[in-house]
Amino acid sequence: MNLIVNGQNREVVAETLAALLAELDFQGGWLATALNGDVVPAGERDRCPLAEGDRIEVLSPMKGG
Amino acid sequence: MLELYGQNLSSRLLLGTALYPSPAIMAEAIKASGTEIVTVSLRRETSGGKAGGQFWSLVQSLGVRVLPNTAGCHSVSEAITTARMAREVFGTDWIKLEVIGNHDTLQPDVFGLVEAARILASEGFDVFPYTTDDLVVAERLLDAGCRVLMPWCAPIGSARGPQNTGALRSLRGYFPGIPLIVDAGIGRPSHAAAVMELGYDAVLLNTAVAKAGDPVTIAAAFGKAVEAGHEAYRAGLIEPRDMAVPSTPVIGMAAFS
């Protein structure tokens, strides 16, 4: 299935958000995720199904002013 | 003592974590400043979580509170989604709310800001709005549920210092019980002292420290300036006069001719 992850087109086999993070080697309890503009809490990623063309954001703590 | 959303704080300086020459210098500057609150952001992770994890571990090791921001958001929906994600990652209800309205000046979109503040406050966020020095906007933000205001004194990163002292003074006069933090535009310790002398409760800085020749030394200098300005305000400053007034007693002067 084709998804847009952090603005880039990705072809993946994962069918849930949790599986997608594992497949793309995203690790860490500090990651935040959103699916099509809606926040998906960490505890709900394994129950969050993905569909063709979904837009996923994976964010991480970063310096800021 | 400064109180922000129920938290008592000894330091009146809030410091950003961006633009430093290195993470080590950032850490040393934070320690030297005496700050208890640093601002952080959320950005797309590009290295599987490692870059963000290292930064977050370093910040956590410093023992300070974090104030996540919504920097770079140009719409209400972007800011709200970012705030919700920040709450999950950083484990805090605090959010420095930025809704940017102009690319060149980084001036806040105050209409979007009020709208986003209302929504986030209703969701239990403690909103720190990055706003202008406009009095009516400040009133709207308080109506929306903000209990802290963070007006700029000049555009972000400009280092110009207070551009409209009269407007800053008006905010202080109208909202005596609301914590007021100058966020953005400070370039020098004397600028920080100047706004604190107006009765502001705290100052939020980043560029003026991170881009200085020696960020660690100037961080300490800003800490002292903020404290000096605050103590001066509490002490009560004399008003300027047009003419000279001798400080040494005139009575009792010798007559030599």
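Structure: above.
In short, a report on the structure. (Residues numbered from 1 in each chain as written. Chains lettered and ligands numbered in written order. Predicted model: local features only at pLDDT ≥ 70, side-chain atom pairs only at ≥ 80, totals over all residues. Heavy atoms only, no water.)

**Examining the overall build of chain A**
Note the following rule: Numbered from the N terminus, helices here are DSSP runs of H or I no shorter than four residues, and strands are runs of E no shorter than two. Only C-alpha atoms enter the radius of gyration; for comparison, a globular chain is expected to reach 2.2 Å times N to the power 0.38, where N is the number of residues. Classification of residues uses two cut-offs on accessible area relative to the type maximum, computed with a 1.4 Å probe and protein chains only: under 20% is buried, over 50% is exposed, and between them is partly exposed.
When helices and strands are tallied, chain A shows one helix and five strands. Reading chain A from its N end, one meets helices and strands in the order β-β-α-β-β-β. Computed over the C-alpha atoms, the radius of gyration of chain A is 11 Å, within 12% of the 11 Å expected from 2.2 N^0.38 for a compact globule of 65 residues. In terms of its C-alpha atoms, chain A occupies a principal-axis envelope of roughly 35 × 25 × 20 Å. When burial is assessed residue by residue, chain A has 40% of its 65 residues classed as buried.

**Re the overall build of chain B**
Counted only if it meets this: Contacts are assigned to residue pairs that have any heavy atoms within 4.5 Å of one another. Methods summary: accessible areas were calculated by the Shrake-Rupley approach with a probe of 1.4 Å, and residue burial reflects only the protein chains presented.
A count of helices and strands for chain B gives nine helices and 10 strands. For a compact globule of 257 residues, the expected C-alpha radius of gyration is about 18 Å, and chain B comes in at 20 Å, within 12% of that figure. For chain B, the spread of C-alpha atoms along the principal axes amounts to about 90 × 40 × 35 Å. Across the 257 residues of chain B, 52% fall into the buried class. Here the analysis covers contacts within chain B between residues at least 6 apart in sequence; of these, 65% occur between residues at least 24 apart. Only carbon and sulfur atoms are counted for the fraction: they give 52% of the accessible area of chain B, which is about 11,900 Å².

**Examining the pattern of salt bridges**
All names here are of chain B. Applicable threshold: Basic side-chain nitrogens of Lys or Arg form a salt bridge, by our definition, when they fall within 4 Å of a carboxyl oxygen of Asp or Glu.
Inspection of the entire model under this criterion finds nine salt bridges over all chains. The salt bridge partner of arginine 87 is aspartate 93, with a shortest N-O separation of 3.1 Å. Across the pair arginine 147 and aspartate 126 runs a salt bridge, and its minimum N-O distance is 4.0 Å. With a gap of 21 residues between them, arginine 147 in the loop between helix H5 (135–143) and strand E8 (150–151) and aspartate 126 in strand E7 (residues 126–131) connect regions that are remote in the sequence. A network of salt bridges, in which partner residues are shared, links Lys96, Glu98 and Asp183.

**Looking at the pairing of strand E4 (residues 37–44) of chain B**
Applicable threshold: When DSSP finds two or more bridges between a pair of strands, those strands are recorded as paired.
Across the eight residues of E4(B), six count as buried, placing the element largely inside the fold. Sheet topology places strand E5 (residues 55–63) of chain A next to E4(B); five bridges connect them, and they run antiparallel. Within the sheet, the bridge partner assigned to A:Lys63 lies in E4(B) and is B:Val40. As paired strands, strand E3 (residues 13–16) of chain B and E4(B) are joined by three bridges and run parallel to one another. Looking across to E4(B), one finds that B:Leu14 is bridged to B:Ile37.

**Regarding the side chain of B:Ser11**
Residue and element names in this part refer to chain B. So the rule is basically this: Polar contacts, as counted here, are pairs of nitrogen or oxygen atoms within 3.5 Å of one another; within protein the pair requires one atom able to donate a hydrogen and one able to accept it, and residues that are adjacent in sequence qualify only if both atoms are side-chain atoms.
Its place among the elements puts serine 11 in the loop between strand E2 (7–9) and E3. One polar contact links the side chain of serine 11 to the main-chain amide nitrogen of leucine 13, over a distance of 3.1 Å. Setting aside chain neighbours within four positions, we find serine 11 in contact with Leu2, Gly34, Thr35 and Glu36.

**Some words on the packing of helix H1 (residues 23–33) of chain B against helix H9 (residues 215–235) of chain B**
All names here are of chain B. In plain terms, the rule: Angles here are taken between N-to-C directions and fall from 0 to 180 degrees, while the axes themselves are lines fitted to C-alpha atoms, restricted in helices to the stretch in contact. For this classification, under 35 degrees means roughly parallel, over 145 means roughly antiparallel, 65 to 115 means roughly perpendicular, and everything else is oblique. Should the near helix be turned anticlockwise from the far one by less than a right angle, the crossing is left-handed, and should it be turned clockwise, the crossing is right-handed.
Axis separation between H1 and H9 bottoms out at 7 Å; the angle between their running directions is 25°. Taken together, the axes of H1 and H9 are roughly parallel relative to one another. Taken as a pair, H1 and H9 cross one another with a handedness that is right-handed. Along its contact with H1, which presents Ile25, Glu28, Ala29, Ala32 and Ser33, the element H9 presents Pro215, Val216, Ala219, Ala220 and Gly223.

**Side note on helix H4 (residues 110–122) of chain B**
Residues and elements named next belong to chain B. So the rule is basically this: One less than the residue count of a helix, multiplied by 1.5 Å, gives the span that helix is expected to have.
The end-to-end C-alpha distance of H4, which contains 13 residues, comes to 18 Å, matching closely the 18 Å that a straight helix rising 1.5 Å per residue would cover. Lining the buried residues of H4 we find helix H3 (76–90), strand E6 (94–97), E7 and H5. Regarding H4, its N-cap is aspartate 109, as a side-chain oxygen of that residue lies 3.1 Å from the backbone nitrogen of phenylalanine 111 further along. Just past H4, the residue glycine 124 takes up positive phi, approximately 90°.

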